[in-house]
Amino acid sequence: MLPCYGDALPLSLFLTFFYQKKTRCIMDRECSQLLPSVCAVLADSRQLVADDTFLEKFLDWFKTLTETESSLLLLQENPCLTELITCVLKLKDPSSSTLSFILRLTGIFAASESCFQYLQQRELLISLFGEVGPLSSALWEEASVRSGWVQGVHSMVQHQSALHFLCSCGAIDVIFTLQGDPSLFVASAANQLLVHVLTFSLQSFQTKPENIKDCDWPICAQKLIVHIEESLKSNSASRIKQSLKLLTSVFGCCHDLWTEVLWSRLSERIVYLLEEEPVHAGHSLVDLFLSMARSPVFSCPECSLWTSVTCALEHLNPAQVGRLAVGVLKLQECPQAVKIQALSVLLQPMDCVLKAASQPLEYPGLLNRSVNDSATVETLLSCRSSCASLLCQTLTHLEELQYLTCLPVDLPHIPLLQSVVTILQFCIGLATPASCLGNKISRILIGCFRVQRSALDILGALSHWESPSVFIGSVFDILLAYLKSPDTSPTVLKKSFQATLKWLVSLSEAPSSKDHWQQTEQFLRDLFLVLQKRLCSPYWEVRDSALEFLTLLVKHLREKEWFRQVLFSSEVPKLTEDLLEDPESYVRASAVTAMGQLSFLTHLISKKPGVENGNVKEKSIVAQLKEILSTDSEGFPRRAVISVFIDWLREGHPDVLKDTEQFVSSVLQAVNSDLDWEVKAGGLELAEVFSAQILGRLGLAACPYAAVLSSATRSTHLSESLQIFCQVKLFEFLFGALCDCDRPVAQKACDILIALKAELCDESSLKEGTSAGLSTEARGIAWLEETLRRWSSCAKPCPRGDADEAGSQDPNGVLLVLRTVDLEGLHRSLNRSSDHIEKSPQSLLQDILATVGTLEENEADCY
Amino acid sequence: MKLYCLSGHPTLPCNVLKFKSTTIMLDCGLDMTSTLNFLPLPLVQSPRLSKLPGWVLKDGNTFLDKELKECSGHVFVDSVPEFCLPETELLDLSTVDVILISNYHCMMALPYITEYTGFTGTVYATEPTVQIGRLLMEELVNFIERVPKAQSASLWKNKEVQRLLPAPLKDAVEVSTWRRCYTMPEVNSALSKIQLVGYSQKIELFGAVQVTPLSSGYALGSSNWIIQSHYEKVSYVSGSSLLTTHPQAMDQASLKNSDVLILTGLTQIPTANPDGMVGEFCSNLAMTVRNGGNVLVPCYPSGVIYDLLECLYQYIDSAGLSNVPFYFISPVANSSLEFSQIFAEWLCHNKQTKVYLPEPPFPHAELIQTNKLKHYPSIHGDFSNDFKQPCVVFTGHPSLRFGDVVHFMELWGKSSLNTVIFTEPDFSYLEALAPYQPLAMKCVYCPIDTRLNFIQVSKLLKEVQPLHVVCPEQYTQPPPTQSHRTDLMIDCQPPAMSYRRAEVLTLPFKRRYEKIEIMPELADSLVPLEIKPGISLATVSAVLHTKDNKHVLQPPPKPAQPPASKKRKRVSDDAPECKPLKPLLSGSIPMDQFVQTLEKHGFSDVKVEDTAKGHIVLLQEAETLIQIEEDSTHIICDNDETLRVKLRDLVLKFLQKF
């Protein structure tokens with residue numbers, strides 16, 4: 001349920017609004033008046049602000065302010081801010097949160113160069129960010145203070161003066177130290193700060209192309225690069241990782257030419273790291289290469305980066321290198337040789353599995369030659385701790401490749417399919433190991449759900465390739481084995497259903513589908529037998545998955561005659577209908593959706609001679625669904641019914657077409673009394689579809705190619721439409737929903753009413769209406785109030801007779817109400833969030849003060 | 001220590017363990033798969049079975065056509081079904097001291113052993129095992145005795161004739177030893193020899209070993225056994241389960257530190273997970289009933305049926321089967337359902353807590369109360385009046401050779417709407433169905449075997465760490481039909497020792513210690529001397545008294561006091577003459593100090609030589625040699641007793657005496 005619009009919105013939403021409404025973020029008079037008191041509170045070490053989020057909001061406000069107003073002016077006009085900084089600096093024992101806040105606030109102001117100078121003159125910056133400041137105090141032990149310091153510096157470094165300041169006061173060395181900070185937040189922020197410092201110093205320096213030589217680079221940048229080099233040469237794995245992470249971010253966010261110079265200076269060292277045994281920072285190196293490979297600076301095929309990537313593909317552990325391989329394969333600009341190598345890396349574990357299960361020469365395998373030493377892959381596969389994770393990774397990467405619009409290299413999809421099938425066979429003990437490795441893999445994989453799930457995912461993805469019958473047969477066999485096995489876990493079963501669906505849909509769409517017809521038909525027969533059993537499963541998850549699968553299957557294949565024949569020769573439709581009474585509401589909901597799809601087919605079948613009682617059956621399904629809509633105690637089945645009805649109306653279900661008005665009227669009546677807002681929203685969607693259909697049918701819809709109707713015809717059609725709407729009591733329903741306590745319902749109702757008003761109350765009708773004496777003035781405001789009261793009361797459940805009486809609408813009255821009610825104004829107010837008053841900066845300042853006040857009161861109470 | 005293996009069936013074991021001076025039979029399983037070679041015993045005249053053609057040899061010889069009948073290409077013996085007994089020739093079974101029973105399925109051969117072999121010992125089993133075992137035997141006897149068969153076939157058992165028969169009759173083992181079913185008096189007599197025991201109860205066997213039953217988690221009252229002496233421990237694990245079904249959970253901790261662990265009764269269907277099979281069972285049942293068909297579940301009257309009824313209790317409403325009647329037909333149906341509710345102390349924790357509410361531990365009580373489950377002793381009588389279709393019938397025997405199930409197979413076999421669902425794993429369902437072919441009814445195989453699988457065994461062995469594992473040979477290799485599944489065998493270090501029927505194993509450990517008790521008065525007289533911190537020694541002179549495999553050190557008889565009044569001495573009262581005891585010596589002689597002492601006592605030319613075993617001290621002048629070794633000292637001097645005594649005293653100074 002979404003919150004009612006009378007309730008408070010959650011904080012996240014509040015903040016979203018806060019950022020969006022920049023117009024509100026000005027230092028108005030009220031705020032200026034409140035600010036000194038707030039600053040005084042913050043500067044008072046005795047008055048702790050209990051809620052840190054106030055400070056965060058406060059900072060956000062200043063950040064927005066400095067973006068729109070002059071920071072210097074802000075400081076000058078509000079001297080209390082400078083005083084606050086000075087005051088906190090003078091405090092003997094400030095709280096860590098206040099100090100951190102001040103560091104960040106100062107950083108925000110110092111981002112403007114003029115403001116920087118202003119603060120520098122008062123020696124505030126050196127006191128905060130220099131060696132004598134918090135750096136040397138005991139509070140530095142607090143991670144929040146260190147984090148505030150880093151963030152403050154980060155905000156400040158927006159101009160050269162700040163860079164000079166950093167270099168001169170020794171702050172750079174502090175940042176280097178903070179890279180290895182025990183707090184991961186601080187370490188990460190320090191790393192990001194270094195990235196910013198490096199890119200900023202070089203971006204602002206590099207005005208001419210000749211300046212790209214590193215010897216000319218600013219001191220700050222040079223210092224940083226020397227630090228990176230030293231770290232890469234060190235024996236400390238953590239330092240190496242920090243520097244690689246830093247470089248990854250630099251190459252990721254900056255695509256200037258100087259990055260190439262930086263790489264040429266460091267590449268040798270990085271290749272050296274790759275050649276070490278064992279490679280320590282494999283994952284970080286992969287990140288670095290991926291980040292660089294995406295940069296246009298390195299896309300040239302002659303670039304030395306590719307040599308390093310080749311080296312990485314050869315040397316890195318197979319468990320680490322998969323990500324690099326798949327990343328490389330996704331690139332547009334990359335030498336073909338590297339791509340081929342990357343694909344080989346991904347295929348190698350699959351090749352090993354295939355060979356472990358087949359006799360030599362039985363299958364050609366996936367690879368002509370191995371890229372890596374296959375012994376490493378075999379060792380990983382024969383070890384319980386690494387086998388499943390390596391296979392899962394590889395399968396996921398290979399699956400990703402299947403969804404690429406254009407795969408840059410030839411994928412040996414048939415052997416790949418074989419290897420996936422083999423893995424699935426291993427997982428349920430069907431594969432016969434052909435080697436010692438096969439024996440080990442078999443023991444590890446039997447019953448391994450993780451690998452089963454990944455393998456089924458890629459099996460489904462491989463369905464889009466055209467495969468020879470023999471392989472389709474093996475796919476069908478393994479899918480049936482999984483679908484049949486009582487040991488298949490519900491999640492694996494769901495994946496099996498998904499893969500099955502993909503194969504059946506692909507085969508039905510393939511040009512060669514007739515070649516596989518016999519095979520597919522037999523498979524379908526077996527499949528429906530399994531499905532029959534699954535629909536009777538004692539586990540509701542299984543029944544639910546089976547129904548979902550059936551729904552999708554029917555949706556995709558209902559046009560195929562062969563599918564319909566097999567389906568209706570099975571017990572599945574009958575069992576599905578039985579499940580409309582399942583004790584589990586999720587299952588009932590899925591059964592409703594499935595019946596919604598099946599009923600299209602039963603209608604087709606009933607048209608044929610020989611199928612008796614089709615019509616009777618069909619009617620009973622509609623009646624059953626309506627009964628569920630009005631009586632089911634759970635929301636899910638009712639929601640499912642309404643969405644089925646929407647589909648039926650949209651797609652012109654034969655039974656709906658027989659008497660659409662009656663159908664819509666009865667559904668709206670049932671929805672009217674429903675307490676579930678999603679059902680109501682569904683009802684509104686149904687009303688929207690219906691009204692669009694009626695207007696369209698009478699040529700009133702806004703279609704650019706429709707013939708323009710004469711005004712007389714249009715007027716007739718309008719009154720016909722209006723008549724129909726009144727018959728189905730559409731306006732009662734819409735006005736009832738407009739008064740609903742759930743905002744999304746009211747909003748949607750309002751939208752529909754506005755759209756209807758636009759169609760029905762155009763200028764001509766307005767004129768006609770006025771001339772006919774149909775104005776509010778003529779009928780009086782009391783009439784309007786009474787009508788609306790009567791309509792909205794129809795939204796509440798009431799005896800049938802009363803509802804009829806209350807809902808007796810006259811079309812002219814409807815038009816008048818539509819014209820009179822300020823729907824647009826209502827729409828605006830509904831779109832406003834409930835806390836639009838409380839989210840102003842002024843309110844924030846008042847809140848800070850109020851919290852402190854409360855604290856004081858509480859303290860007084862305590863004594 | 002030896003193990004005599006009398007049964008080749010891994011889940012119906014019968015082994016004899018000779019341990020110390022005791023002979024212990026471990027379980028007494030009856031292999032009933034032999035009955036699959038016989039024609040079913042119909043409750044009412046079956047025209048189909050009576051019209052089956054006699055089997056004719058290839059050469060046209062018809063001498064066996066009265067004994068053997070042919071049905072759909074299979075040959076069956078037309079006679080009263082017979083059972084394959086445990087091996088009786090491997091050792092004299094009258095020497096068996098005790099029989100330990102682990103669960104009610106493993107005692108079905110008991111009357112054959114106790115009534116026909118001269119057995120005079122005691123049988124130990126828990127109360128539920130005995131009670132439910134009695135029900136199973138009663139049912140078996142009833143099933144066979146109520147369909148008397150005039151004909152008894154024996155010609156086919158002749159070795160020469162058997163050779164000519166088609167498989168599987170041709171390959172049946174030891175058909176000459178196959179026996180007809182026992183009678184109720186024999187059952188009663190056998191059961192009267194049972195002594196009831198409780199879990200963790202310690203039972204002394206002749207003072208030599210102690211046996212203790214432990215909960216095995218497989219069935220009501222099922223046990224594993226610990227057989228231990230003071231220094232040796234043998235664990236017998238048979239039919240155990242780690243799943244949470246109705247019985248009390250398995251006690252694993254007590255199996256730790258075993259010298260030998262005999263492992264039998266693992267799951268017969270290692271590839272089928274019981275949970276999945278229960279799901280299959282329910283799905284197939286619902287599908288059949290929804291289509292208007294009947295479901296037949298051939299089963300034993302106790303065990304898995306309790307769990308199935310519990311699952312159905314939860315399932316029938318959700319599957320819309322509330323109006324479908326469930327029938328349980330067995331001569332012991334009522335007793336079985338009632339017994340299950342009264343063995344609260346033998347149930348799992350959840351069911352035990354229900355008893356205190358108080359509620360019946362099994363929900364089948366409610367099914368009976370609401371008339372959803374009805375039970376009858378047989379198809380005759382009330383059942384025929386109440387019978388409504390479609391329905392679900394639970395009845396025996398799972399072999400489909402006798403019992404009410406035969407009737408339902410004949411009745412429902414012709415319709416494809418009906419389904420027979422096999423849940424008991426003891427019989428091959430295809431073989432069980434063979435005499436009913438051609439069969440239209442659907443057959444579903446959902447074997448539910450909750451006993452340990454190989455993954456669980458591997459964890460168990462890691463946990464309890466026995467020194468040696470002994471198991472049937474079937475467990476040391478993958479199943480013949482799935483030879484690639486190396487995960488379906490016991491994998492332990494050192495590799496498990498395997499046995500097969502009629503084999504005698506010498507168990508791989510030797511007894512090295514025996515516990516001896518010291519009488520309190522003797523213990524009082526001991527004066528321990530601490531020779532190292534924490535180690536004290538005392539000399540003991542006593543008489544070792546051994547009786548009932550217990551050894552006791554008693555004080556030596558005191559020297560007889562000269563009688564004060566009687567002058568005549570009775571020779572028989574004479575105590576052996578006790579010589580004064582020499583003190584025992586211990587310690588080592590520090591050579592430097594010893595040499596110094598010698599020199600102090602005037603031996604000037606002392607030379608010390610090191611030898612492999614110790615030292616030789618040479619006193620050249622006195623022409624004397626002192627040979628000092630770890631456990632002996634020799635003084636060799638030329639008949640100079642004074643010198644020898646002097647030197648001896650010097651040596652003794654360095655040694656401790658006690």
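The structure contained in this document is the topic of the report that follows. Here the structure is a predicted model, which means the values were calculated and not measured.

The next subject is the overall build of chain A. Across its full length, chain A carries 46 helices and zero strands. As displayed, chain A offers around 38100 Å² of accessible surface, 53% of which is attributable to carbon and sulfur atoms.

Turning our attention to the nonpolar core. Core analysis: the largest hydrophobic core is formed by 392 residues, its most contacted members being F58(A), W149(A), L459(A), L760(A) and F394(B). The element best represented in this core is helix α19 (residues 336-357) of chain A, accounting for eleven residues. Counting 25 residues, the second-largest nonpolar core is a separate cluster that includes Y124(B), V197(B), V234(B) and I262(B).

Residue and element names in this part refer to chain A. Close contact between helix α6 (residues 96-110) and helix α7 (residues 113-121) brings their axes to 7 Å; oriented N to C, the two are set at 125°. Relative to α7, α6 is oriented oblique. Between α6 and α7, the residues in contact are T106, F109 and A110 and C115, F116 and L119, respectively. Split into classes, the residues belonging to the contact of α6 with α7 amount to five nonpolar, one polar and no charged.

Here the focus is the sheet that holds strand β14 (residues 295-298) of chain B. All names here are of chain B. Pairing is parallel across the open sheet formed by six strands, whose spatial order is β16-β15-β17-β14-β18-β19. Where the open sheet ends on each side, the last strands, each with one partner, are β16 (373-376) and β19 (442-445). Averaged over all adjacent pairs, the angle separating strand axes in this sheet is 20°, with direction ignored. For strand β15 (residues 326-329) and strand β17 (residues 392-395), the ladder comprises four bridges, and the chain directions are parallel. Within β17, the position partnered with I329 by the bridge is T395.

All names here are of chain B. Within strand β3 (residues 22-26), five of the five residues are buried, which leaves it mostly tucked inside the rest of the structure. Burial along β3 is two-sided: the residues T22, I24 and L26 and T23 and M25 are all buried. Here strand β2 (residues 15-19) pairs with β3 via five bridges, running antiparallel. Note that in β3 the partner of L17 across the bridge is I24. Between β2 and the antiparallel strand that follows it, β3, lie two residues; K20 among them carries a positive phi value of about 50°. Two strands pair when backbone bridges link them, and β3 and strand β6 (residues 98-100) are joined in this way by three bridges, in the parallel orientation. Counted as the bridge partner of L26 is L100 from β6.

Residues and elements named next belong to chain B. Spatially, β29-β30-β31-β32 is the arrangement adopted by the four strands of the open sheet, whose pairing is antiparallel. A strand with exactly one partner marks an edge of an open sheet, and here the two such strands are β29 (606-610) and β32 (633-636). When the angles between neighbouring strand axes are averaged without regard to direction, this sheet yields 15°. Pairing geometry for β29 and strand β30 (residues 614-619), over five bridges, is antiparallel. The partner of K607 across the bridge, within β30, is L618. Contacting β30, β31 (624-629) and β32, helix α17 (residues 641-653) crosses the sheet at an angle of about 150° to β32.

The next subject is the interface of chain B and chain A. Taken residue by residue, the interface counts 22 residues in chain B and 25 residues in chain A. Here chain B and chain A share an interface that buries about 1900 Å² over both sides, 52% of which is from carbon and sulfur atoms. When the buried surface of chain B facing chain A is broken down by residue, M287(B), R290(B) and H484(B) rank first, second and third, together holding 31% of it. At the junction of chain B with chain A, the criterion picks out two salt bridges. Where D491(B) meets R443(A), a salt bridge forms, and the shortest distance between an N and an O atom there is 3.5 Å. Taken together, the links from chain B to chain A amount to nine residue pairs in polar contact (both at pLDDT 80 or more). Broken down by secondary-structure element, the contributors of at least two residues to the side of chain B that touches chain A are α6 (274-290) and α7 (304-318) of chain B. Here the element with the most residues in the side of chain B that touches chain A is α6(B); it accounts for eleven residues.

Now for empty space enclosed by the protein. Residue and element names in this part refer to chain B. The tally for this structure, following the rule as stated, stands at ten cavities of 30 Å³ or more. When its volume is computed, the largest cavity comes out at roughly 180 Å³. Every residue lining the largest cavity is counted, 23 residues in all, and those nearest its centre are H105, Y218, V304, E424 and R451. Considering only residue class, the lining of the largest cavity consists of nine nonpolar, nine polar and five charged.

All names here are of chain A. Listed as buried for helix α23 (residues 436-445) are L437, G438, I441, S442, I444 and L445. Looking straight down α23, one finds its buried side chains confined to an arc of 165°; they lie on one side. In this fold, the buried residues of α23 make contact with α19, α20 (374-381), α21 (384-402), α22 (413-427) and α24 (449-461). Taken from the residues just after α23, G447 is the one with a positive phi, measuring 80°.

Moving on, we get to the packing of helix α18 (residues 318-330) of chain A against α19(A). Residue and element names in this part refer to chain A. Where α18 meets α19, the closest approach of the two axes is 8 Å, and the angle between their N-to-C directions is 140°. Relative to α19, α18 is oriented oblique. When the axes of α18 and α19 are compared, the crossing they make is left-handed. Along its contact with α18, which presents V321, G322, A325, V326, V328 and L329, the element α19 presents V338, K339, A342, L343, V345 and L346.

What follows covers the environment of I108(A). All names here are of chain A. Note on placement: I108 falls in helix α6. Using a relative accessible area of 7% as the deciding quantity, one classes I108 as buried. In sequence terms I108 and S155 are 47 residues apart; their C-alpha atoms lie 5.4 Å from each other. Filtering out sequence-adjacent residues up to four positions away, I108 remains in contact with L59, F62, K63, T66 and S155.

This next bit is on the state of the cysteines. Residues and elements named next belong to chain A. Taken as a whole and judged by the stated rule, the model has zero disulfides over all chains. C334 takes part in no disulfide bond, and the closest cysteine sulfur, belonging to C303, lies 11 Å away. Given a relative accessible area of 12%, C334 falls into the buried group. Here C739 stays unpaired: no disulfide links it, and the sulfur of C750, its closest cysteine neighbor, is 11 Å away. Classification of C739 as exposed rests on a relative accessible area of 54%.

Now for the packing of aromatic side chains. Overall, the coordinates contain 43 aromatic pairs over all chains when judged by the stated rule. Taking 5.7 Å as the distance between ring centres and 65° as the angle between the ring planes, the aromatic pair formed by F62(A) and F109(A) counts as edge-to-face. Residue F62(A) is located in helix α3 (residues 52-68), and its partner F109(A) is located in helix α6; the two are separated by 47 residues in the primary sequence. F109(A) shares its class with F62(A); the two are buried. Considering the side-chain rings of F387(B) and W412(B), the 6.3 Å spacing of their centres and the 25° angle between planes classify their relative orientation as stacked. Of the two residues, F387(B) sits in the loop between α11 (382-386) and β17 while W412(B) sits in helix α12 (residues 405-412), which places them 25 residues apart along the sequence. Judged by relative accessible area, F387(B) falls into the partly exposed class, the value being 23%. Ring pairs connect the aromatic residues Y327(B), Y376(B), F383(B), F387(B), F408(B) and W412(B), which therefore count as one cluster. Its guanidinium or amino end placed over the ring of F600(A), R558(A) lies 4.4 Å from that ring's centre, counting from NZ or CZ. Lying across the ring of F362(B), K351(B) places its NZ or CZ 4.8 Å from the centre.

Reading guide: rules and limits
- Residues numbered from 1 in each chain as written.
- Chains lettered and ligands numbered in written order.
- Predicted model: local features only at pLDDT ≥ 70, side-chain atom pairs only at ≥ 80, totals over all residues.
- Heavy atoms only, no water.
- Helix = DSSP H or I, 4+ residues; strand = E, 2+ residues; numbered from the N terminus.
- Areas by Shrake-Rupley, 256 points an atom, 1.4 Å probe, with all protein chains shown as cover.
- Core = buried A, V, L, I, M, F, W, Y, C linked by side-chain atoms within 4.5 Å.
- Buried < 20%, exposed > 50% of the residue type's maximum accessible area, 1.4 Å probe, protein only.
- Axes fitted to C-alpha atoms, helices over the stretch in contact; angles between N-to-C directions.
- Parallel < 35°, antiparallel > 145°, perpendicular 65-115°, else oblique.
- Contact = heavy atoms within 4.5 Å.
- Nonpolar A, V, L, I, M, F, W, Y, C, P; charged D, E, K, R; others polar.
- Pairing = 2+ DSSP bridges.
- Buried area = accessible area lost by both parts, 1.4 Å probe.
- Salt bridge = Lys/Arg side-chain N within 4 Å of Asp/Glu carboxyl O.
- Polar contact = N/O pair within 3.5 Å; in protein donor to acceptor, adjacent residues only side chain to side chain.
- 1 Å grid on protein atoms, 1.4 Å probe; cavity = no way out; pocket = protein on both sides within 12 Å on 5 of 7 lines; lining within 4 Å.
- Points joined across faces, edges and corners; volume = space filled by probe spheres on them.
- Arc of directions from axis to C-beta.
- Left-handed = near helix turned anticlockwise from the far one by under 90°.
- Disulfide = S-S within 2.5 Å.
- Phe/Tyr/Trp six-rings, centres within 6.5 Å; stacked < 30°, edge-to-face > 60°.
- Lys NZ or Arg CZ within 6 Å of the ring centre and 35° of its normal.

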